[in-house]
2 protein chains.
Amino acid sequence: MKILIVDDEANIRRVVREYAEFEGYETDEAGDGMEAVTMAKATDYDVIIMDIMMPRLDGYSACKEIRKTKNTPIIMLSARGEEYDKLFGFELGIDDYVVKPFSPKELMARIKAVSIRRSAAQQPMPERITFEGLEIDMAGREVYVNGQKANMTPKEYDLLFYLVKNRNIALTRDKLLEEVWGYDFFGDDRTVDTHIKMLRNSLGEYRKFIVTLRGMGYKFEA
Amino acid sequence: MKILIVDDEANIRRVVREYAEFEGYETDEAGDGMEAVTMAKATDYDVIIMDIMMPRLDGYSACKEIRKTKNTPIIMLSARGEEYDKLFGFELGIDDYVVKPFSPKELMARIKAVSIRRSAAQQPMPERITFEGLEIDMAGREVYVNGQKANMTPKEYDLLFYLVKNRNIALTRDKLLEEVWGYDFFGDDRTVDTHIKMLRNSLGEYRKFIVTLRGMGYKFEA
DNA sequence: ATCAATGTGAATAATCTGTGAATTTCCCGG
DNA sequence: CCGGGAAATTCACAGATTATTCACATTGAT
């Protein structure tokens, strides 16, 4: 278990780190949002603990940036009196928040709560999702475009389902190859492009949900 | 979707309510067990979230009382250290437990899980099902095609029944082998194909219900 | 304008499924 | 313990579908 601690005050970082290490976590530290984003993208942390008020890049923006490529659980630290409403900007993907001054014991409890949810229950992905006129039934392996069943190839289903499961986050070609094709695929990157093309054709007007991220890969944007 | 939030601490109620409303639920609040019972009996909630330690009437007693007239799914909130009571709780018909301090996101996930589970499990699997001219009597282990009894082999029955029980769900060959043949079967995947073939023959015109999912497996599509 | 990244159509290679038949296993009565 | 038939499993092959590669067109950023 590895956690990333982000705060501009070294004192706070130290306190959190000491408790976390006492609980048996490995820790990394970042002093501002920019650093945090870089580190979070480079390493797969189990939890990120991040202050809101920070120089260079604040916690909200850092969170937003990290969420583009990772789904790491994030716990925000907020000073009492800080805009409380913003804490409920869950569209940012914040998993929990703790108000400063906090008891380290409570923070540890929250870390456990957040990470348990991760490992234990592989998030109960709903079996059926609808985006406008695009219905996706993963359990039944069916896709309906404006009510009409789409007839897609196996790879198209696999690719679409993976994109949808990880919607709104950027996926590189390599990541897609590894997750959809399998770790043992050693072919061309561009194979992904061809399948994206075919998938787009199958989705008709709803091809718009599949966004190209130039220089990066693709994502399903709902 | 309407949920009832029961806790004597207004702060906790507020946090849960804000998360829940963000997720699109309607919410009501109760500050103690007595209130909760009154409200739960008057209104059909989809889920009730209730603290254990409360003035006037504790969570257990409230749960017991509500259960006398309603089957609403109940998620209990318990302070750390009340672990022992957990076992006792499930006997009362508690659907899930969340330990305080909890991650609101986790709580939301549990609400979803519980409400889905409830609605799905509500209808017990009938033992006899008819699809057009295909009658399937699982209890009697008989199948009628256009009124005439089909004479099938044991594996055909097992396979058909499993497919029907899981109709409209995509099933891989591996899954079928594990569930129908048993975890200790170490033979060839394609064995499934052969049995599907024989099953299709036995079903005559109703073979149409057994759909091949290329690259995946099969499913019974009603 | 230029260069790299992406979209696309077509050719080829690889994979998958249905099926008939051969082989093995299982089950029972003798 | 054995034989015989039913059932289960494996096997091989054809036909159809799908995946991959490649070349070229198009797009987008600087």
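As a reminder, the structure under discussion sits directly above these lines.
Please read all numbers here as calculations on a predicted model, not as lab measurements. (Residues numbered from 1 in each chain as written. Chains lettered and ligands numbered in written order. Predicted model: local features only at pLDDT ≥ 70, side-chain atom pairs only at ≥ 80, totals over all residues. Heavy atoms only, no water.)

> For the packing of helix α2 (residues 33–42) of chain B against helix α3 (residues 59–67) of chain B, give the residues involved together with the corresponding values.
Residue and element names in this part refer to chain B. Between α2 and α3, whose axes approach to 9 Å, the crossing angle comes to 20°. Comparing the axis directions of α2 and α3 gives the class roughly parallel. Of the two possible hands of crossing, α2 and α3 adopt the one that is right-handed. Two secondary-structure elements touch here, α2 through Gly 33, Ala 36, Val 37, Ala 40 and Lys 41 and α3 through Ala 62, Glu 65 and Ile 66. For the contact of α2 with α3, the residue count by class is five nonpolar, one polar and two charged. (Axes fitted to C-alpha atoms, helices over the stretch in contact; angles between N-to-C directions. Helix = DSSP H or I, 4+ residues; strand = E, 2+ residues; numbered from the N terminus. Parallel < 35°, antiparallel > 145°, perpendicular 65-115°, else oblique. Left-handed = near helix turned anticlockwise from the far one by under 90°. Contact = heavy atoms within 4.5 Å. Nonpolar A, V, L, I, M, F, W, Y, C, P; charged D, E, K, R; others polar.)

> How would you explain the protein's contact with DNA strand D if you had to name every residue and give the values?
Taken together, the neighbourhood of DNA strand D is formed by 22 residues, with A:Trp181, A:Thr191, B:Thr153, B:Trp181 and B:Thr191 sitting nearest. The sugar-phosphate share of atoms of DNA strand D within 4 Å of the protein amounts to 81%. A distance of 3.1 Å is found between a base oxygen of DNA strand D and a side-chain nitrogen or oxygen belonging to A:Arg214. Listed by contribution, the elements that provide at least two residues to the surface near DNA strand D are α6 (154–165) and α8 (191–203) of chain A together with α6 (154–165) and α8 (191–203) of chain B. Grouping the constituent residues of the surface near DNA strand D by class yields six nonpolar, ten polar and six charged. (Near = heavy atom within 4 Å. Polar contact = N/O pair within 3.5 Å; in protein donor to acceptor, adjacent residues only side chain to side chain.)

> Tell me about the interface of chain B and chain A, and name the residues and values.
On the side of chain A, 21 residues touch chain B, which itself brings 22 residues to the contact. Between chain B and chain A, roughly 1,900 Å² of surface is buried when both sides are summed, and carbon and sulfur atoms account for 59% of that area. Along the contact surface separating chain B from chain A lie two salt bridges. B:Glu221 is the partner of A:Lys149 in a salt bridge, and the nearest nitrogen-oxygen pair spans 3.3 Å. Connecting chain B to chain A are four residue pairs in polar contact (both at pLDDT 80 or more). For the side of chain B that touches chain A, the secondary-structure elements that each account for two or more residues are α1 (10–22) and α5 (104–121) of chain B. The element that contributes the greatest number of residues to the side of chain B that touches chain A is α1(B), accounting for five residues. Among the residues making up the side of chain B that touches chain A, the classes are represented as eleven nonpolar, three polar and eight charged. (Buried area = accessible area lost by both parts, 1.4 Å probe. Salt bridge = Lys/Arg side-chain N within 4 Å of Asp/Glu carboxyl O.)

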